[in-house]
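Take a look at the letters that make up each chain.
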Amino acid sequence: MTRLQVWTLLGAAAMVWLLVLLEPILMPFFVSMILAYLGDPLTDWLETKGLSRRLAVSVVFLVLSLFLAVAFVILIPLMGRQLGQLIEALPGVFNWVQAVVLPWVREVSGLDFSTDFDQMRQALMANWKETGTFAAGILAQVSRSGLALAIWIGNLALIPVVTFYLLLDWDRLKRRVRDLLPRRYEPTVTRLAIQCDEVLSAFLRGQLLVMLSLGIVYAVGLTLLGIQFGVLIGIVAGLASIIPYLGVIVGLAIAAIVAFFQYGDVWHLLGVAGVFGIGQMLEGMLLQPLLLGDKIGLHPVAVIFAVLAGGQLFGFTGILLALPVAAMVMVLLRYLHERYKNSHLYEAEGPPRGSEDNQ
């Protein structure tokens, strides 16, 4: 290895070590970076319409703030109420399964799951209680610790401030980073960075908008049908749509069970199927072509592995970093694969066919 390569590896290792040390304070900065990345295209578009950079950033910042404020004021309390109703309804669901479903299963298959189900029900109810007690203990501890509460509020307050300044200087920061690159490697690094941006924009901007749109369609449709927990089911289905077909499978299964338990007829089951069918048609005919186009996003398996690995290694900060890092790794692997296909190692000719058989 050359001296430059050694210093590069040492620098990368030092950066990782520094990230591990600073992990407790990095969360607001990475959240701000993601928000600035999402808002930069709209800011650039407003600049092309004649607005100054500062005014364009102010408009985008106001739009983001209004969106988050509406989500916190309207959506989160509604989800909290429906989640509370779901917890209250769980004992009734368990009793219905034990009184109706298990006897039917026993008649059809001859298998008796009553004892196992009763143990599972007790375990689930105990975990619900323990979860509530654990959450209450955390809130009480945070309330008692003035320093912890101040840090938590300070991190939240930092997010809009850091987002504003990052969005204001986003293009300037990109130019400075590009100017710092060694001239020998600048074209290659720039090309790889553009490819990373295409993957991230296809996933973060496109896929997140698809998930949001599907969640709204599912939530509104189920609510109009009168399905209990319609908003909660729609949001869960929209979030699960990060993996193709998982959202519709999860949402349809949960909504069908709730509709059958709530009404007990076929018409509401057909209505639930119609809601998710409309969502799938909108996704295939409108949302995917309009928001994603022919861009290639991250593979679903890569998304799952990246999020789980990031959370396991670096907690919530690792989850925030997971998708950008996964995108860069995928682009780098494609670059290495391209270099390998164009190398002498790949193109080297082997012995003629049949030569080994003739020996």
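Up top is the structure these notes are about.
Residues numbered from 1 in each chain as written. Predicted model: local features only at pLDDT ≥ 70, side-chain atom pairs only at ≥ 80, totals over all residues. Heavy atoms only, no water.

This part covers the overall build of the protein chain. Helix and strand counts for the protein chain stand at 12 helices and 0 strands. Counted from the first residue to the last, the protein chain has its helices and strands arranged as α-α-α-α-α-α-α-α-α-α-α-α. Counting all 359 residues of the protein chain, 27% fall into the buried class. Relative to all contacts within the protein chain whose residues are 6 or more apart in sequence, the contacts with residues 24 or more apart total 69%. (Helix = DSSP H or I, 4+ residues; strand = E, 2+ residues; numbered from the N terminus. Buried < 20%, exposed > 50% of the residue type's maximum accessible area, 1.4 Å probe, protein only. Contact = heavy atoms within 4.5 Å.)

Right, let's talk about helix 7 (residues 230-240) for a bit. Most of helix 7 sits out of view: 9 of its 11 residues are buried. Along helix 7, the residues classified as buried are Gly230, Val231, Leu232, Ile233, Gly234, Ile235, Ala237, Gly238 and Ala240.

As a packed pair, helix 6 (residues 186-225) and helix 7 sit with axes 7 Å apart at the nearest point and diverge in direction by 155 degrees. Classified by the angle their axes make, helix 6 and helix 7 are roughly antiparallel. Crossing hand, helix 6 versus helix 7: right-handed. The residues of helix 7 that touch helix 6, namely those facing Met211, Gly215, Tyr218, Ala219, Leu222 and Thr223, are Gly230, Val231, Ile233, Gly234, Ala237, Gly238 and Leu239. When grouped by side-chain class, the residues that make up the contact of helix 6 with helix 7 number 8 nonpolar, 5 polar and no charged. (Axes fitted to C-alpha atoms, helices over the stretch in contact; angles between N-to-C directions. Parallel < 35°, antiparallel > 145°, perpendicular 65-115°, else oblique. Left-handed = near helix turned anticlockwise from the far one by under 90°. Nonpolar A, V, L, I, M, F, W, Y, C, P; charged D, E, K, R; others polar.)

Our focus in this paragraph is unusual backbone geometry. One non-glycine residue, Phe229, lies in the positive phi region at around 60 degrees. Tracing the chain through its elements places Phe229 in the loop between helix 6 and helix 7. For Phe229, a relative accessible area of 8% puts it in the buried group.

Another point: the packing of helix 7 against helix 8 (residues 246-262). One way to put it is that helix 7 packs onto helix 8 with a least axis distance of 7 Å and a crossing angle of 160 degrees. Looking at the two axes, helix 7 sits roughly antiparallel to helix 8. Read as a crossing pair, helix 7 and helix 8 show a hand that is right-handed. In this structure, helix 7 uses Ile233, Val236, Ala237 and Ala240 to contact helix 8, whose residues at the interface are Leu246, Gly247, Val250, Gly251, Ile254, Ala255 and Val258.

Take the pattern of salt bridges next. Oppositely charged side chains can pair when the atoms bearing their charge come close. Going through the model one piece at a time under the given rule, you end up with 8 salt bridges. For Arg53, the salt bridge is made with Asp44, and the minimal N-O distance between the two is 2.8 Å. You can call Arg53 buried: its relative accessible area is 14%. Taken together, the shared-partner salt bridges connect Asp40, Asp44, Glu47, Arg53, Asp171 and Lys174 into one network. (Salt bridge = Lys/Arg side-chain N within 4 Å of Asp/Glu carboxyl O.)

Within the secondary structure, Ala237 sits in helix 7. Judged by relative accessible area, which is 0%, Ala237 ranks as buried. Placed 19 residues apart in sequence, Ala237 and Tyr218 show a C-alpha to C-alpha distance of 7.6 Å. Apart from residues no more than four positions distant in its own chain, Ala237 is found in contact with Tyr218, Gly247, Gly251 and Phe276.

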